[in-house]
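# Commentary on secondary and tertiary structure
Chain by chain, the residues run as shown.
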Amino acid sequence: QVHLVESGGGLVQDGGSLRLSCAASGSIETIYTMGWHRQAPGKQRELVATIRRGGTTNYADSVKGRFTISRDNAKNTVYLQMNSLKPEDTAVYSCKMIVGARLYWGQGTQVTVSS
């Protein structure tokens, strides 16, 4: 099995920055795609950003120019650098990875942005 563990969440003020990490452990095959999703209270889970093995990235319109996704294949880790955070970014952020032919999710980490 593969286990994903997120870290780096917390409380930050409006306009601040935060860096999330998600590390995979277990029987690691090729990790094709890594990504981040978030779910705010009372709202549907939404895609935040993805990065493919070759480095191609994709971002939700709401975070373009503020968030940056990156990966360290040697560490089986994906990162999400979040800058210029807004209260609207408050949510549980979950890591997703396509490892071999399977999809895995982390348990999520809380990000709270106060004004």
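Right, let's walk through the structure included here. (Residues numbered from 1 in each chain as written. Predicted model: local features only at pLDDT ≥ 70, side-chain atom pairs only at ≥ 80, totals over all residues. Heavy atoms only, no water.)

### Digging into the state of the cysteines
On inspection of all chains with the given rule, the structure shows 1 disulfide. Here Cys22 engages in a disulfide with Cys95; their sulfurs sit 2.2 Å apart. Between Cys22 and Cys95, the disulfide has an S-S torsion of -85° and is therefore left-handed. Taken together, the positions of Cys22 in strand E3 (residues 18-26) and Cys95 in strand E9 (residues 91-99) put the pair 73 residues apart, joining distant regions of the chain. The class of Cys22 is buried, set by a relative accessible area of 0%. (Disulfide = S-S within 2.5 Å. Helix = DSSP H or I, 4+ residues; strand = E, 2+ residues; numbered from the N terminus. Buried < 20%, exposed > 50% of the residue type's maximum accessible area, 1.4 Å probe, protein only.)

### A short note on the sheet that holds strand E8 (residues 77-82)
Spatial ordering of the open sheet is given by E1-E3-E8-E7, a layout of 4 strands whose pairing is antiparallel. Of all the strands in the sheet, just strand E1 (2-7) and strand E7 (67-72) have a single pairing partner and so form its edges. Direction aside, neighbouring strands of the sheet carry axes that sit 15° apart on average. (Pairing = 2+ DSSP bridges. Axes fitted to C-alpha atoms, helices over the stretch in contact; angles between N-to-C directions.)

### Remarks on the environment of Ser7
Inspection of the secondary structure assignment puts Ser7 in strand E1. Linking Ser7 and Thr109, residues 102 residues apart in sequence, is a C-alpha distance of 6.5 Å. With sequence-adjacent residues up to four places away left out, Ser7 is seen in contact with Arg19, Leu20 and Ser21. (Contact = heavy atoms within 4.5 Å.)

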